[in-house]
Amino acid sequence: MLKQDQLIVQSRLEDLTQVQQWFDRFCVASQLPWLEAVFDQVNLALAEGFTNAVRHAHKDLPSDTPIEIDLFLWKERLEVQVWDMGKPFDPDKLPEPKPGTLKVGGYGWFLMRRLADVNYERNDLGRNCLRIVKCPTTS
């Protein structure tokens, strides 16, 4: 592993700016050309994952409930983990939006899956982890 970092923020949409600035500093300091090439895709997936944690997982929890974000960088892979304390959900049960239909919400999971390799799991301590992985060859 070349580098790792962690950020803990509250469950507030206003903290998205802090999350994205932190992620930007991490990537710039890494100085890997392939990471610069995929930055926008991962940044968008991270923003979607964070806002989903705030809006959905933590919607019934106090706004000071922490969301933990971990970054892990290897020479050929970046992994982002977004940890929340909300109720689990099964992304396999989300209906895929039909082409040509417009609705408010419901696109985030499918967008993230098109931007990076993602999975979602709950650990034994009752925490949920959204894992976003991007490699130079991942489209």
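Only a predicted model underlies this, so the values are computations on that prediction, with no experimental measurement involved.

Colleague: Looking at this structure, how should I read the overall build of the chain?
Modeller: The helix and strand tally for the chain stands at three helices and five strands. Computed over C-alpha atoms, the radius of gyration of the chain comes to 15 Å, within 12% of the 14 Å expected from 2.2 N^0.38 for 139 residues, which places it in the range of a compact globule. Here the C-alpha coordinates of the chain stretch approximately 40 × 40 × 30 Å along the principal axes. Looking at the 139 residues of the chain, the share that counts as buried comes to 45%. Put simply, 64% of the contacts in the chain that link residues at least 6 apart link residues at least 24 apart. Carbon and sulfur atoms make up 52% of the accessible area of the chain, which amounts to about 8200 Å² in all.

Colleague: Explain helix α3 (residues 108-115) here, please?
Modeller: An α-helical turn contains 3.6 residues, so a residue and the one three or four places further along point in the same direction. The complete set of buried residues in α3 reads Gly108, Trp109, Phe110, Met112 and Leu115. Next to the buried residues of α3 lie α2 (33-57), β4 (117-122) and β5 (128-134).

Colleague: What exactly am I supposed to notice about the side chain of asparagine 43 here?
Modeller: Within the secondary structure, asparagine 43 is located in helix α2. The exposure class assigned to asparagine 43 is buried, which follows from its relative accessible area of 14%.

Colleague: Hey, could you run me through helix α1 (residues 16-30) in this one?
Modeller: Taking 1.5 Å of rise per residue, the 15 residues of α1 would be expected to cover 21 Å, and the 21 Å separating its terminal C-alpha atoms lies within 8% of that figure. For α1, the complete set of buried residues consists of Leu16, Val19, Trp22, Phe23, Phe26, Cys27 and Ser30. Taken end-on, α1 shows its buried residues confined to a sector of 130 degrees, consistent with a single buried face. Counted as exposed and oriented over 90 degrees from the buried face of α1: Arg25 and Val28. Residues of α1 that are buried make contact with β1 (3-10), α2, β2 (66-74) and β3 (77-84). Looking at the residues trailing α1, positive phi occurs at glutamine 31, about 55 degrees.

The rules we used
- Residues numbered from 1 in each chain as written.
- Predicted model: local features only at pLDDT ≥ 70, side-chain atom pairs only at ≥ 80, totals over all residues.
- Heavy atoms only, no water.
- Helix = DSSP H or I, 4+ residues; strand = E, 2+ residues; numbered from the N terminus.
- Rg over C-alpha atoms; globule rule 2.2 N^0.38 Å.
- Buried < 20%, exposed > 50% of the residue type's maximum accessible area, 1.4 Å probe, protein only.
- Contact = heavy atoms within 4.5 Å.
- Areas by Shrake-Rupley, 256 points an atom, 1.4 Å probe, with all protein chains shown as cover.
- Expected span 1.5 Å × (residues − 1).
- Arc of directions from axis to C-beta.

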